[in-house]
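Descriptive analysis of the structure
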Amino acid sequence: DLLKLYAARQTTPGHAFSKRDKEMAEFEAAFEYVPTADQEKSIDQVLEDLASPRPMDRLVCGDVGYGKTEVAMRAAFKVVNEGKQVAVLVPTTILCEQHERTFTERFAEWPFIVASLSRFKTRNEQKEIIKKLALGTVDIVIGTHRLLQKDVLFKDLGLLIIDEEHRFGVMDKEKLKKYRNSIDILSMSATPIPRSLAMSMNGIRDMSVIETSPQDRLAVKTSLMARDDGAMVAAINQELARGGQVFLVHNRVRDIDQWISHLRSLMPLFKFDLGHGQMSTEALEAVMERFIKREIDVWVTTTIVESGLDFPLANTIIIDQADRFGLAQLYQLRGRVGRGNLQAYCYLMVDDPDSLTGDAQKRLKALLDHSELGSGYQVALHDLQIRGSGNILGAAQSGQASLIGYEMYSQLLDQTIRELKDETFMEDYDPEVVIGLPAYLPQTYVPDTQVRVVFYRRLSAAKSHEEISEIVLEMKDRLGQAPMEAKNLIDLMEIKLLLKKAWAKRVEVGQETMVLTFGEKGPSDYDKIIALVSGSTKNRLSPTGRLYVSGQKFLSGPNPMAWVKDFLAQLS
């Protein structure tokens, strides 16, 4: 289904919006800040995509507070100004409310209606907004997962904006794409999920990166600390002494009340309150309002504050049991502080820094190493290395098994597009090698499972003998001399390359006979095959396209793989 969707989006023409006009220039001039160079570049790229008949699928990767929302609002203006609707998908109700305020203020001088759809709205309010969307009287709707439900229909949807894209599942995002093949899609994230980043890096979707920091912005100082009451109190005191506020993230609702009680006993003079997703809408809104009005010193909360929220006075965040969070999640949480020109602090609190698991150490080290401004893209690359790239044609957002290759994706996509156009195509294939020799990477040679998987993937994806040679040199450098089983595997991969050059689909190697099976097109060089079988009693070509080669002690010889390789090299 996903494959057909991607293929249809590449073959179905979308709406080509006009280039920059006078009204667009007026909207841009109303922006109260001076856009950074990267912001300008991203806006230009998005507007160019909108002006193209090919449906846009662009990922804007930029740090928290670097102006991704303004890029989205300019795209939204271009779309609604030409009579189409815009849907903005956000992960949380709090962010939905904040975006509704931001969009309403930005579009105040223009005759466009902005609405939001989330659990913060009553059932009757939701019904009214859904009715207006179907009639086309709401131009921009900002919503949570509620937007994905079947009763939400648009009169003429032109643009889907996915904010905090890494917070949504694959199937969530594809639901709206499927809703219409020709709509433009703009995704935004400070730390894209591995799957999205991999798709962008491999040209499956376009990407804009905003790395220029806003003026006077300071990097958040990040440090790792053991869970200790004294250190925690000192960090909170330091922030409150300069008139700031503190986030303390504790992501377990079941004992968050006990935590607040413990903190109040340690610091009785300060005002604490809590916030989590299981609270009622009214209670959560009330706590947010009190925090904004500076009536709360320390907000003990779950990851509900992770996405896009802006609290300018909060400049210290303490993340309890930071080793249990994902890398992108930690990066987003750190982005809650340091939005102004004051020095901000992020403390990653763990039970015991010396007993962290391997992946937890990698995640925390990546965050500590990338504390400078504009590191979101680098953090996302680390996440890609740690978790793998995900399944492009499935619902997995990360994983190692799917690293087997983007070539397969490209071939399948090309094949599906050709099928949609009723065109013929030359199918690629993976040649089969049947040989009675052990060919694998022994655990004693490559003990780390992840490293072993990566080497298997790289060998199977190699497109030339030079690539294989480079991998072999790296293995030798890292792991020492390869054992016989590993050498056989390397030879087998080289044999596969040679089979492709000869247009052969299969080779079977026995004790004294080798059988080559060619595809429908036959061998790549008929003359060489005819020369091999002419006047020979040991070699023959069957009517079914199989070449039989006899007279050699293949498997019992000193180096059977080398003989097969030499023979195939002559054929191709």
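Note that the structure is predicted; figures quoted are calculated from it, not measured.

1. Focus on the overall build of the chain
- Each helix and strand in the chain was counted, giving 20 helices and 18 strands.
- Looking at the chain residue by residue over its 572 residues, the buried ones come to 52%.
- When the accessible surface of the chain is totalled, it reaches about 26,300 Å², and 50% of it is carbon and sulfur.

2. A word on the sheet that holds strand β4 (residues 140-143)
- Taken in spatial order, the seven strands line up as β3-β4-β2-β5-β6-β1-β7 in an open sheet, and their pairing is parallel. Each having just a single partner strand, β3 (114-117) and β7 (206-210) make up the two edges of the open sheet. Each strand of the sheet is rotated relative to its neighbour by a mean of 20°, with strand direction disregarded.
- Relative to β7, strand β1 (residues 57-62) runs parallel, the two being bridged by five bridges. Bridging from a neighbouring strand, Cys 61 pairs with Val 209 of β7.
- Taken strand by strand, helix α3 (residues 37-51) contacts β1, β6 (184-189) and β7, and its axis lies near 160° from that of β7.
- Lying over the sheet, helix α5 (residues 93-106) contacts β2 (85-89), β3 and β4, oriented at roughly 175° with respect to β3.

3. A word on the pattern of salt bridges
- Scanning the model with the defined rule gives 25 salt bridges in all.
- Here Glu 28 makes a salt bridge to Arg 20, at a shortest N to O gap of 3.0 Å.
- Take Glu 28: its relative accessible area is 14%, and that puts it in the buried class.
- For Arg 20, a relative accessible area of 41% puts it in the partly exposed group.
- Linked by salt bridges that have partners in common, Arg 20, Glu 28, Asp 44, Glu 70, Arg 74 and Arg 106 make up one network.

4. Focus: the nonpolar core
- With 56 residues, the main nonpolar core has Met 232, Ile 236, Phe 247, Leu 248, Ile 318 and Ile 319 as its most contacted residues.
- Here this core gets six residues from one element, more than from any other, and that element is strand β13 (residues 345-350).
- In contact with Ile 319, other than residues within four places in its own chain, are Val 249, Phe 325, Leu 330, Leu 333, Cys 346, Tyr 347, Leu 348 and Met 349.

5. Description of the packing of helix α18 (residues 484-501) against helix α20 (residues 560-571)
- Remark: α18 packs on α20, axes separated minimally by 10 Å, with the N-to-C direction vectors making an angle of 15°. Relative to α20, the element α18 is oriented roughly parallel. As for how α18 packs across α20, the hand of that crossing is left-handed. Contacts between α18 and α20 involve Asn 488, Asp 491, Leu 492, Glu 494, Ile 495, Leu 498 and Leu 499 from the former and Met 561, Val 564, Lys 565, Leu 568 and Ala 569 from the latter.
- Counted by class, the contact of α18 with α20 contains eight nonpolar, one polar and three charged residues.

6. Quick look at the side chain of Asn 488
- Position of Asn 488 among the secondary structure elements: in helix α18.
- Ignoring anything within four residues of it in the chain, the contact list for Asn 488 reads Leu 437, Pro 438, Ala 439 and Met 561.

7. Some words on the environment of Gly 510
- In this structure, Gly 510 sits in the loop between β15 (504-509) and β16 (513-518).
- A residue is classified by how much of its surface remains accessible, and Gly 510, at 24% relative accessible area, is partly exposed.
- Along the sequence, Gly 510 and Val 434 sit 76 residues apart, while their C-alpha atoms lie 8.7 Å from each other.

8. Some words on helix α10 (residues 256-266)
- Looking only at α10, the buried set comprises Ile 256, Trp 259, Ile 260 and Leu 263. Taken end-on, α10 shows its buried residues confined to a sector of 100°, consistent with a single buried face. Along α10, the residues that are exposed and aim more than 90 degrees away from the buried face are Gln 258 and Ser 265.
- Here the buried face of α10 lies against α9 (229-241), β9 (245-249), β10 (272-275), β11 (298-301), β12 (314-320) and β13.

9. Thoughts on unusual backbone geometry
- At Arg 294, a position not held by glycine, the phi torsion is positive, near 70°.
- One can find Arg 294 in the loop between α11 (281-292) and β11.
- A relative accessible area of 26% means that Arg 294 is categorised as partly exposed.
- The residue Gln 321 is not glycine, and still its phi comes out positive at about 50°.
- On the secondary structure map, Gln 321 appears in the loop between β12 and α12 (327-334).
- Residue classification places Gln 321 among the buried residues on the basis of a relative accessible area of 8%.

10. A short note on the pairing of β13
- Summarising burial for β13: six of the six residues are buried, a large majority.
- Side-chain alternation along β13 places Tyr 345, Tyr 347 and Met 349 on one buried face and Cys 346, Leu 348 and Val 350 on a second face that is also buried.
- Pairing of strand β8 (residues 221-226) with β13, which is carried by six bridges, proceeds in the parallel orientation. Its bridge partner being in β13, Thr 222 is matched across the sheet by Cys 346.
- Across five bridges, the pairing between β12 and β13 is parallel. The residue of β13 that forms the bridge with Thr 316 is Tyr 345.

11. Topic: the packing of helix α2 (residues 22-29) against helix α4 (residues 68-80)
- Between α2 and α4, whose axes approach to 10 Å, the crossing angle comes to 150°. As far as their axial angle goes, α4 and α2 are roughly antiparallel. Between α2 and α4 lies a crossing of right-handed hand. Contacts from Glu 23, Met 24, Phe 27 and Glu 28 of α2 reach α4 at Met 73, Arg 74, Phe 77 and Lys 78.

12. Some remarks on the sheet that holds strand β17 (residues 539-541)
- Pairing within the open sheet is mixed, and its five strands lie in the order β14-β15-β16-β18-β17. Two strands in the sheet have a free side with no partner beyond their single neighbour: β14 (432-435) and β17. Going across the sheet, the axis of each strand differs from the next one's by a mean of 10°, ignoring polarity.
- When β16 meets strand β18 (residues 546-550), the two strands line up antiparallel, connected through five bridges. Looking at the pairing, Val 515 lines up with Tyr 548 of β18.

13. Focus: the confidence of the model for the chain
- Residue-level pLDDT values for the chain average 80, and 80% of them are 70 or greater.
- Per-element confidence in the chain ranges from a low mean pLDDT of 49 for helix α14 (residues 376-387) to a high of 96 for β4.
- Contacts for the low-pLDDT stretch residues 386-404, under 50 throughout, to residues beyond four places or in other chains number 68 contacts.

14. Some words on the packing of aromatic side chains
- Within the structure shown, the criterion is met by 12 aromatic pairs.
- A centroid spacing of 4.4 Å and a plane angle of 10° characterise the contact between Phe 27 and Phe 77, whose relative ring orientation is stacked. Residue Phe 27 is located in helix α2, and its partner Phe 77 is located in helix α4; the two are separated by 50 residues in the primary sequence.
- Residue Phe 27 is classed as buried on the basis of its relative accessible area of 0%.
- According to the relative accessible area criterion, Phe 77 is buried, its value standing at 0%.
- Centre to centre, the rings of Phe 77 and Trp 110 are 4.8 Å apart; their planes meet at 70°, and the pair counts as edge-to-face. One end of the pair, Phe 77, is in helix α4; the other, Trp 110, is in the loop between α5 and β3, with 33 residues separating them in the sequence.
- Through a chain of ring-to-ring contacts, three or more aromatic side chains come together here, namely Phe 27, Phe 77, Phe 103, Phe 107, Trp 110 and Phe 112.

About the cut-offs
- Note on numbering: residues in each chain are counted from 1, in written sequence order.
- Residue-level local features of this predicted model are given only where pLDDT is at least 70; pairs of side-chain atoms are given and counted only at 80 or more, and the full residue set underlies all totals for whole chains, interfaces and linings.
- Water and hydrogen atoms were dropped before computing side-chain values, which therefore reflect all heavy atoms in the structure.
- Runs of H or I in DSSP of at least four residues are treated as helices and runs of E of at least two as strands, each being numbered from the N terminus.
- Exposure classes here rest on a 1.4 Å probe applied to the protein chains alone. A residue is buried below 20% of its type maximum, exposed above 50%, and partly exposed in between.
- Areas reported as accessible are Shrake-Rupley estimates using a 1.4 Å probe. Residue values count occlusion only from the protein chains shown.
- We treat two strands as partners when DSSP finds at least two bridges between them.
- The axes used here are C-alpha line fits, helices contributing only the stretch in contact, and every angle between their N-to-C directions lies in the interval 0 to 180 degrees.
- Two residues form a contact once any of their heavy atoms are found within 4.5 Å.
- Definition used for salt bridges: Asp or Glu carboxyl oxygen within 4 Å of a side-chain nitrogen of Lys or Arg.
- Buried residues of nine kinds, namely Ala, Val, Leu, Ile, Met, Phe, Trp, Tyr and Cys, make up a nonpolar core once their side-chain atoms join them within 4.5 Å.
- By the definition adopted for this analysis, an angle is roughly parallel if under 35 degrees, roughly antiparallel if over 145, roughly perpendicular if from 65 to 115, and oblique otherwise.
- For any helix crossing, the convention is left-handed if the near helix is rotated counterclockwise from the far helix by under a right angle, and right-handed if that rotation is clockwise.
- Residue polarity is assigned by list, with Asp, Glu, Lys and Arg as charged and Ala, Val, Leu, Ile, Met, Phe, Trp, Tyr, Cys and Pro as nonpolar; anything else, Gly included, falls into the polar class.
- Directions pointing from the helix axis toward each C-beta atom define the arc.
- The predictor attaches a confidence to each residue, called pLDDT, with possible values from 0 through 100.
- Under the pairing criterion, centres of Phe, Tyr and Trp rings, with the six-membered ring standing for Trp, must be within 6.5 Å; the plane angle then separates stacked pairs below 30 degrees from edge-to-face pairs above 60, leaving the rest tilted.

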